Every structure is written in C-alpha cells, then in structure tokens.
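Each chain, letter by letter, is given below.
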Amino acid sequence: SPKVVGQPHRYGFAAEFDTRGAPYVLGYHKYDLSTGSSSCHRLADGRTGSEASFVPSARCVDEDDGYLVSFVHD
C-alpha cells in the first residue's frame, strides 16, 4: 500500500520461480513479517505467471487490503 512506502510494514509478497530451467512463476507467496506466517497461491499445472504488482483496493482499510495483479499464461 502507498501508505507504507518507506515505512515499517507487516506484509510482503513474492513470486515463486521454478529453478529447474526457464524462469517460470509457479505461484505467489504472502508473508506476515510480524508473525512469521505465510500463505501461497499456486498456479495450475501448465500455467505460468509474471511478477505481480500489489494494487490497493478502493477502500484500502488494512495494509494488505488489495489485489496482486499478474498476467497468467497457459
């Protein structure tokens, strides 16, 4: 969220890349930097994505209130 640019923040997002060959995105991870927990959204077999950008929702109440936007190809 733009509210936390340059400020301490709680959440981080990252793409997971396949390291066995071409750099395909296999899924996306959300990290809670306060608790150490994480969650993952895996893409279906035969699909690959691009790096994702975080877009805050229109109401953007919480730091992670928004969407990861990426192109996904099959």
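Structural notes, computed from the coordinates. Since the structure is predicted, the reported quantities are computational estimates derived from the model, not experimental observations. (Residues numbered from 1 in each chain as written. Predicted model: local features only at pLDDT ≥ 70, side-chain atom pairs only at ≥ 80, totals over all residues. Heavy atoms only, no water.)

## Some remarks on the environment of Phe54
Looking at where Phe54 falls in the secondary structure, it is placed in strand E5 (residues 53-56). On a C-alpha basis, the gap between Phe54 and Tyr67 in space is 5.7 Å, while along the polypeptide they are 13 residues apart. (Helix = DSSP H or I, 4+ residues; strand = E, 2+ residues; numbered from the N terminus.)

## Observations regarding the packing of aromatic side chains
The full count for this structure, using the stated rule, is one aromatic pair. When the ring of Phe13 is compared with that of Phe54, the centres are 5.4 Å apart and the planes differ by 20 degrees; the resulting orientation is stacked. Placement of the pair is Phe13 in strand E1 (residues 11-17) and Phe54 in strand E5, with a sequence separation of 41 residues. Residue class for Phe54 comes out partly exposed when judged on its relative accessible area of 24%. (Phe/Tyr/Trp six-rings, centres within 6.5 Å; stacked < 30°, edge-to-face > 60°. Buried < 20%, exposed > 50% of the residue type's maximum accessible area, 1.4 Å probe, protein only.)

## Observations concerning unusual backbone geometry
For Cys60, which is not a glycine, the phi torsion comes out positive at approximately 30 degrees. Tracing the chain through its elements places Cys60 in the loop between E5 and strand E6 (66-69). Relative accessible area serves as the criterion here: at 11%, Cys60 is assigned to the buried category.

## Regarding the environment of Asp64
Mapping Asp64 onto the fold places it in the loop between E5 and E6. Counting along the chain gives 53 residues from Asp64 to Tyr11, while the straight-line C-alpha distance between them is 6.7 Å. Of note is the side chain of Asp64, whose polar atom sits 2.5 Å from the side chain of Lys30. (Polar contact = N/O pair within 3.5 Å; in protein donor to acceptor, adjacent residues only side chain to side chain.)

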